[in-house]
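Coordinates in review
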Amino acid sequence: MDYQQLLHDVMDTALRAPGRGRPADYIPALAAVDPTAFGMAIATVDGEVYGAGDWETPFSVQSVSKLFTLALALAEGGDELWKRVGREPSGNPFNSLVQLETEHGIPRNPFINAGALVVTDRLLELTGDAVGAVRDFLRAEAGNDGIEVDDAVASSEARHGHRNAALAHFIASYGNLRNPVDSVLAHYYAHCAIAASCRDLALVGRFLASHGVRADGSRLLTRSEAKRVNAVLLTCGTYDAAGEFAFRVGLPGKSGVGGGILAVLPGRGAVCVWGPGLDQAGNSVLGVAALDALTTATGWSVF
Ligand code: GLU
């Protein structure tokens, strides 16, 4: 397989699709990004990595980090987490408050903001440093000690974080946070504000293509846990458009409002795409188009 040629062909196809969407601006620091950026990388399970376009430019991972907090919380603390967060698609926007009241402070899934706040709280409870745990994991899997939190993005989000603060306080009112709300929010904003490239994230994503085994051969997740994380990615990983993403792409994946999407190629590796223009649901327009073109060209899919 000529991965390099494949990436160039796929990106050409994606660029012919109409529309580019708009970068997120509800976190003001994110609006400063170059809206024309576009990069893509594939990392194979045996550690080869191929990229095209802006594949080595760090961007704000935002909700892609929720995949790593989930995996680390399961690795450190096992199934207890599932008493505090569900695993059903929410059918609502990622930052919605409405279901929390009728469902007594148990968020629908780990990838909407409410669920991610509970997972961050769990990781903080288990490790004492949720953002440090995520950053160190990314550095180790990508072999890049330069991966860092972008403090300007984290503080920009904190200054405009009324919705997340409301979610966290509401969850705490049901007794579903173990740490102080301010500390959970600070760790959440910081892990969302980690800057990493398509290259980095494709390398990191390999553990989900290898049934939970890390780059150094050690095991992060059991086979069953890795299957479960992939299942929740497929059903809940791309906001309120996970059905459309499964229909067009057919892979487990997690998107973020920074414009990144990390998708798993089971048994084969991981692919990361970045294009900051978002569609109505919050997914990268070029990213979804590129993953659609990739799976159409290769037939790679979980189906
Ligand atoms: N930090 C962002 C927020 O909480 C993440 C959103 C996202 O990427 O989905 O709004």
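Please read all numbers here as calculations on a predicted model, not as lab measurements.

Remark: helix H2 (residues 65-77) packs on helix H4 (residues 113-127), axes separated minimally by 9 Å, with the N-to-C direction vectors making an angle of 40°. Taken together, H2 and H4 sit at an angle that is classed as oblique. The crossing of H2 and H4 is left-handed. The residues of H4 that touch H2, namely those facing Lys-66, Thr-69, Leu-70, Leu-72, Ala-73, Glu-76 and Gly-77, are Asn-113, Ala-116, Val-119, Thr-120, Arg-122, Leu-123, Leu-126 and Thr-127.

Further remarks concern the UniProt feature "binding site: substrate" (unreviewed entry) in the protein chain. In this numbering, the UniProt entry assigns the feature "binding site: substrate" (unreviewed entry) to Ser-63, Asn-113, Glu-157, Asn-164, Tyr-188, Tyr-239 and Val-257. Of the residues named above, Ser-63, Asn-113, Glu-157, Tyr-188, Tyr-239 and Val-257 line the second largest cavity. Residue classification places Tyr-188 among the buried positions, given a relative accessible area of 2%. When sequence neighbours within four positions are dropped, the list of residues in contact with Tyr-188 reads Lys-66, Asn-113, Ala-116, Leu-117, Thr-120, Glu-157 and Asn-164. Tracing the backbone shows Val-257 in the loop between strand S6 (253-255) and strand S7 (260-265). Those residues in contact with Val-257 that lie beyond four places of it in its chain are Ala-24, Tyr-26, Leu-30, Gln-62, Phe-94, Tyr-239, Leu-278 and Gly-282.

The next thing to look at is the state of the cysteines. Covalently bonding the sulfur atom of one cysteine to the sulfur atom of another cysteine gives a disulfide. Counted according to the given criterion, the structure contains 0 disulfides. Cysteine Cys-198 remains unbridged, with the sulfur of Cys-272 as its closest cysteine sulfur at 4.1 Å. By relative accessible area, Cys-198 is classed as buried at 0%. In this structure Cys-236 is a free cysteine whose sulfur lies 17 Å from that of Cys-192, the closest cysteine sulfur available. For Cys-236, a relative accessible area of 6% gives the class buried.

This brings us to the layout of surface pockets. Taken as a whole, the largest pocket spans an internal volume of roughly 250 Å³. Residue lining of the largest pocket: Arg-22, Pro-23, Ala-24, Asp-25, Tyr-26, Phe-94, Val-257, Leu-278, Asp-279, Gln-280, Ala-281 and Gly-282, and that is the complete set. For the lining of the largest pocket, the per-class residue count stands at 7 nonpolar, 2 polar and 3 charged.

Right, let's talk about the site of the ligand for a bit. Around the ligand, the neighbouring residues are Tyr-26, Gln-62, Ser-63, Phe-94, Asn-113, Glu-157, Asn-164, Tyr-188, Cys-192, Tyr-239, Gly-256 and Val-257. A distance of 2.6 Å separates an oxygen atom of the ligand from a polar side-chain atom of Tyr-188. Note that an oxygen atom of the ligand is positioned 2.8 Å from one of the backbone N or O atoms of Val-257. When the ligand sits alone it has 300 Å² of accessible area, and the protein chains cover 99% of it. Under a 2 Å grid-point criterion requiring more than half of the atoms, the pocket assigned to the ligand is the second largest cavity.

Pairing is antiparallel across the open sheet formed by 5 strands, whose spatial order is S2-S1-S8-S7-S6. A strand with exactly one partner marks an edge of an open sheet, and here the two such strands are strand S2 (49-53) and S6. Sheet twist, expressed as the average angle between the axes of neighbouring strands with direction ignored, equals 10°. Sheet analysis places S7 next to strand S8 (residues 269-274), joined by 6 bridges and oriented antiparallel. Bridge pairing links Ala-263 to Val-271 in S8. Running over the sheet, helix H1 (residues 3-16) touches strand S1 (39-44) and S2 and is turned about 30° from S2. Against the sheet, helix H13 (residues 285-298) contacts S1, S7 and S8, and its axis sits at roughly 145° relative to S8.

Let us now look at H2. A rise of 1.5 Å per residue sets the reference length of H2, with its 13 residues, at 18 Å; its end C-alpha atoms lie 18 Å apart and thus fit the reference within 8%. The buried count for H2 comes to 11 of 13 residues, which makes it a mostly enclosed element. Inspection of H2 places Ser-65, Lys-66, Leu-67, Phe-68, Thr-69, Leu-70, Ala-71, Leu-72, Ala-73, Leu-74 and Gly-77 among the buried residues, and these make up the whole buried set. Backbone geometry just after H2 places Gly-78 at a positive phi near 65°.

Turning to the pairing of S8, a few remarks are in order. With 6 of its 6 residues buried, S8 lies for the most part within the structure. Residues Gly-269, Val-271 and Val-273 point to one face of S8 and Ala-270, Cys-272 and Trp-274 to the other, with burial holding for every one of them. Where S1 and S8 come together, 6 bridges link them in antiparallel fashion. What sits directly across from Ile-42, in S8, is Val-271.

Calculation rules
Residues numbered from 1 in each chain as written. Predicted model: local features only at pLDDT ≥ 70, side-chain atom pairs only at ≥ 80, totals over all residues. Heavy atoms only, no water. Axes fitted to C-alpha atoms, helices over the stretch in contact; angles between N-to-C directions. Helix = DSSP H or I, 4+ residues; strand = E, 2+ residues; numbered from the N terminus. Parallel < 35°, antiparallel > 145°, perpendicular 65-115°, else oblique. Left-handed = near helix turned anticlockwise from the far one by under 90°. Contact = heavy atoms within 4.5 Å. UniProt positions renumbered as here; feature names shortened; annotations may be inferred. 1 Å grid on protein atoms, 1.4 Å probe; cavity = no way out; pocket = protein on both sides within 12 Å on 5 of 7 lines; lining within 4 Å. Buried < 20%, exposed > 50% of the residue type's maximum accessible area, 1.4 Å probe, protein only. Disulfide = S-S within 2.5 Å. Points joined across faces, edges and corners; volume = space filled by probe spheres on them. Nonpolar A, V, L, I, M, F, W, Y, C, P; charged D, E, K, R; others polar. Near = heavy atom within 4 Å. Polar contact = N/O pair within 3.5 Å; in protein donor to acceptor, adjacent residues only side chain to side chain. Areas by Shrake-Rupley, 256 points an atom, 1.4 Å probe, with all protein chains shown as cover. Sits in = over half its atoms within 2 Å of the grid points. Pairing = 2+ DSSP bridges. Expected span 1.5 Å × (residues − 1).

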